[in-house]
Amino acid sequence: EAVELYELWKPLMRDGTASFWQEFYVKFYQAFIEGSRWKQYLNGVGTTLLVTAMALTLGILLGIVVAVIRTAHDQQRTGHKNPILGLFNGICKVYVTVIRGTPTLVQLLIINFVILVSAQKITVAVITFGINSGAYVAEIIRGGIMGVDKGQMEAGRSLGMSYVTTMKDIILPQAMKSALPALINEMITLLKETSICGYIGLNELTRGGDIIRGITFDALFPLFTVALIYLVMVLFIQWIMGKVERRLRSSDYR
């Protein structure tokens, strides 16, 4: 019956004699049902979430390393500067400055067309967004580390713990807890930034909607559907991370 109505009302669209609801139904059918186009949205969501999850993991790992190096350099005593640490700190500063000072789209295009020319598109996307996210995560975590009382580090070292052990077991857990709201914002930003992956030909959610728009010559349903799906994903992330925040807050009072 759905197909029959579509075939019956489709000619009315061309003639301009279709009613509002007939036109609405035909556009809805073309955007979702015809050619099983709903699968395009579903596949796009899967690609978007995969890129976001992998890039966020890479970004957090990279961000922690950069944050620890920069913090360790800043916390050196006057007259006891380590030249190797200074070199790594300089590299980290250049990395953070360049990544935060250039558009993500330009970074994506450079990595795709200049650096990783023969790599798979999803690999290019994960590496690009991971490197990009790492620069922002590094500053977030560095701020969290600097917010931890200096006595915590001194206490750990006085107990015979190495700098790395003290940082790993005492400082970083506290820093990550205080930086969690900013990390959630970075996660949401990263999720939405993956919408530019279509520029390198990766069929994520936004490009999937744009392909359907190009086929149906109608922008209403494809673009609003993409926007709605992003909104649902962001709200779900906020809901989950809100629960995590409350759990962490409650543990502080035990």
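See the structure shown above.
Residues numbered from 1 in each chain as written. Predicted model: local features only at pLDDT ≥ 70, side-chain atom pairs only at ≥ 80, totals over all residues. Heavy atoms only, no water.

Quick look at the overall build of the chain
When you go through the chain residue by residue, the secondary structure sums to 10 helices and zero strands. Ordered by position in the sequence, the α and β elements of the chain form the string α-α-α-α-α-α-α-α-α-α. At 24 Å, the chain has a C-alpha radius of gyration far larger than the 18 Å of a compact globule built from 254 residues. For the C-alpha atoms alone, the extent of the chain along its principal axes is close to 85 × 50 × 25 Å. Considering the chain as a whole, with its 254 residues, one finds that 39% of them fall into the buried category. Sequence separation of 24 or more characterises 70% of the internal contacts of the chain that already satisfy a separation of 6 or more. For the chain, the computed accessible surface area is about 14500 Å², with 65% contributed by carbon and sulfur atoms. (Helix = DSSP H or I, 4+ residues; strand = E, 2+ residues; numbered from the N terminus. Rg over C-alpha atoms; globule rule 2.2 N^0.38 Å. Buried < 20%, exposed > 50% of the residue type's maximum accessible area, 1.4 Å probe, protein only. Contact = heavy atoms within 4.5 Å. Areas by Shrake-Rupley, 256 points an atom, 1.4 Å probe, with all protein chains shown as cover.)

Considerations on the environment of G160
Within the secondary structure, G160 sits in the loop between α7 (150–158) and α8 (163–193). Owing to a relative accessible area of 65%, G160 belongs among the exposed residues under this scheme. Taking the C-alpha atoms as reference points, G160 and L5, 155 residues apart in sequence, are found 78 Å from one another.

Let's talk about the packing of helix α3 (residues 38–74) against α8
Across the interface, α3 lies against α8 with an axial gap of 10 Å and an inter-helix angle of 140 degrees. In this view, α3 runs oblique relative to α8, as classed from their interaxial angle. Here the hand of the crossing between α3 and α8 comes out right-handed. Two secondary-structure elements touch here, α3 through T48, L49, T52, A55, L56, I64, V68, T71 and A72 and α8 through Y163, M167, L172, M187, L190 and L191. Classifying every residue of the contact of α3 with α8 gives 12 nonpolar, three polar and no charged. (Axes fitted to C-alpha atoms, helices over the stretch in contact; angles between N-to-C directions. Parallel < 35°, antiparallel > 145°, perpendicular 65-115°, else oblique. Left-handed = near helix turned anticlockwise from the far one by under 90°. Nonpolar A, V, L, I, M, F, W, Y, C, P; charged D, E, K, R; others polar.)

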